[in-house]
Amino acid sequence: MTEILIIIFGIIGLISILIVLHARRTVPYIYCGAMISAWEAKLLKENRLMEMVEAPTVENLLTLLDDTEYRPLLAEIVKDGVVDVKKAEVILKDHLNHRYREILKIVPRQRKETVERLLKKWEIWGLKAIITAIHSGVPIEDDLKHYMCSPTMTREKLEMLTSVKNFDQLLEFLKESEYFPILNAALKDYRERGLLALLSALDFHYYTALWEEVNRTKPQREILTKMIGSEIDIVNIKLILRLKNEGVPPEEIDKYLIRPSYLLTEGMLKDMTYAENIKSGLDAISRTSYGMVLLNLLPQMEVLGISAAERALDELRLKVFREQAVTHIFSLAPVILYILLKETEVRNLLTILRLKAEKVEPQKIKEKMWVVSKIEL
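Residues numbered from 1 in each chain as written. Predicted model: local features only at pLDDT ≥ 70, side-chain atom pairs only at ≥ 80, totals over all residues. Heavy atoms only, no water.

Peer 1: Describe the pattern of salt bridges, with residues and values.
Peer 2: A complete count under the given rule lists 26 salt bridges for this structure. Across the salt bridge formed by E54 and K366, the nearest N and O atoms sit 3.0 Å from each other. With E54 in helix α2 (residues 46–54) and K366 in helix α21 (residues 362–368), the pair connects residues that are 312 residues apart, well separated along the chain. You can call E54 partly exposed: its relative accessible area is 45%. Overall, the relative accessible area of 25% leaves K366 in the partly exposed class. Between D203 and K128 there is a salt bridge, and its shortest N-O distance comes to 2.7 Å. Separated by 75 residues along the polypeptide, D203 in helix α12 (residues 195–216) and K128 in helix α7 (residues 121–136) bring together distant segments of the chain. Its relative accessible area of 24% is what places D203 among the partly exposed residues. Looking at K128, the relative accessible area reads 17%, which means it is buried. (Salt bridge = Lys/Arg side-chain N within 4 Å of Asp/Glu carboxyl O. Helix = DSSP H or I, 4+ residues; strand = E, 2+ residues; numbered from the N terminus. Buried < 20%, exposed > 50% of the residue type's maximum accessible area, 1.4 Å probe, protein only.)

Structure (structure tokens):
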């Protein structure tokens, strides 16, 4: 009898320990998850965006935003029937930046570094804009100081970077940052191969650093690996398709790929890069979800070009992100999904406003928009 009681109490103790451990993992995500759910519920639905595309004037378009957080923000962008697209871009990017800073405040402390590393892509985009301006010999406009925003970099630092005149000054400003050794090493390739060498070096650094952060700790590693890994695969596929379409030599394309990849093996990347044509390249990844989707799209790609493939890959990424967010609610997956959805929403709003101001027909606007459709699980 005593032995039975010991076993029973042992089982009860084990269950209690498991409950405590589970609670310790999930409690930090309860408040964060509630906030993310509330924000996601306010995102513009696809039918609302389509109504905006079909609106006869920008004034009508803004009326469709009356019950959203965007209406007061965009109240002053139209004057005498003319849309101030630059002003709208500054406002919407500031709004996005503010929301991302809010996320950094509510995300569980032990995973904050992962989210910060994820959001550093805004630093990368800003640096790319500056580098492109220097390369083109175009003076960095004051407007760029307003367009650039980053939840992980101060406004003062961004404004300081936009004051540079050449690559030497840029490197001097970045001397104590993680980007200095990356760009300093890439300058030699830049002199030989041009702008793509610098831009791809930044992309490579961003994704490899993010990949290392994902694999650094055990908690949620499997979830985050699926999400970030699929994004890296998709970035590589897009790069290969785009550069092959532009006639870039395979050996040069190979230098720009992000490694290690996720589902794409080294052999797949090589076969795709050195394939004679797009069809052969997609055959090399036919056993993956990416290849299956793209091979079915070949007729559309022949008509619409690489953009059809890029759109399908964006939708596939959204599906992966949503699957992880739905099945792992007490994790970073819902946060990462929301970051993608919010960015997509702001980009679509800017696309609609800009093209409406340019009197572009609705169908053409729809073709330029990012994927926002709900993914069925």
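Peer 1: Mind laying out the packing of aromatic side chains, listing which residues take part and the relevant values?
Peer 2: Counted by the stated rule, this structure contains six aromatic pairs. Ring plane angle 70 degrees and centroid distance 6.3 Å describe the contact between W211 and Y262, whose orientation is recorded as edge-to-face. Residue W211 is found in helix α12, and its partner Y262 is found in the loop between α14 (250–256) and α15 (266–274); the two are separated by 51 residues along the sequence. A network of ring pairs unites the aromatic residues Y100, W122 and W125 as a single cluster. Just above the ring of W39 sits the side chain of R99; from NZ or CZ to the centre is 4.3 Å. In this structure, R347 is placed above the aromatic ring of W125, and the distance from its NZ or CZ to the ring centre is 4.7 Å. (Phe/Tyr/Trp six-rings, centres within 6.5 Å; stacked < 30°, edge-to-face > 60°. Lys NZ or Arg CZ within 6 Å of the ring centre and 35° of its normal.)

Peer 1: Requested: an account of helix α5 (residues 85–106), with residues and values cited.
Peer 2: Every α-helix carries 3.6 residues per turn, so stepping three or four residues along brings you back to the same face. The terminal C-alpha atoms of α5, which comprises 22 residues, lie 32 Å apart, in line with the 32 Å expected from a rise of 1.5 Å per residue. Along α5, the residues that are buried comprise A88, I91, L92, K93, H95, L96, N97, R99, Y100, I103, L104 and I106. (Expected span 1.5 Å × (residues − 1).)

Peer 1: Quick rundown of helix α17 (residues 289–296)? Include the residues and the values.
Peer 2: Along α17, the residues classified as buried are Y290, G291 and L294. Buried residues in α17, looked at end-on, bunch into an arc of 90 degrees, giving them a common side. Contacts from the buried residues of α17 go to α13 (221–245), α16 (278–283), α18 (298–304) and α19 (306–327). (Arc of directions from axis to C-beta. Contact = heavy atoms within 4.5 Å.)

Peer 1: Could you give me a rundown of the side chain of D254, with the residues and numbers involved?
Peer 2: Summarising the element assignment, D254 is placed in helix α14. Using a relative accessible area of 14% as the deciding quantity, one classes D254 as buried. Here K270 takes part through its side chain, which lies 3.4 Å from a polar atom of the side chain of D254. Setting aside chain neighbours within four positions, we find D254 in contact with R259, K270 and T273. (Polar contact = N/O pair within 3.5 Å; in protein donor to acceptor, adjacent residues only side chain to side chain.)

Peer 1: So what about unusual backbone geometry? Which residues, and what values?
Peer 2: The amide bond that connects R259 to the next residue, P260, takes the cis arrangement and shows omega of 0 degrees. Relative to the helices and strands, P260 resides in the loop between α14 and α15. Unusually for a residue other than glycine, K359 sits at a positive phi of about 65 degrees. In this fold, K359 is placed in the loop between α20 (333–357) and α21. A relative accessible area of 74% places K359 in the exposed class.

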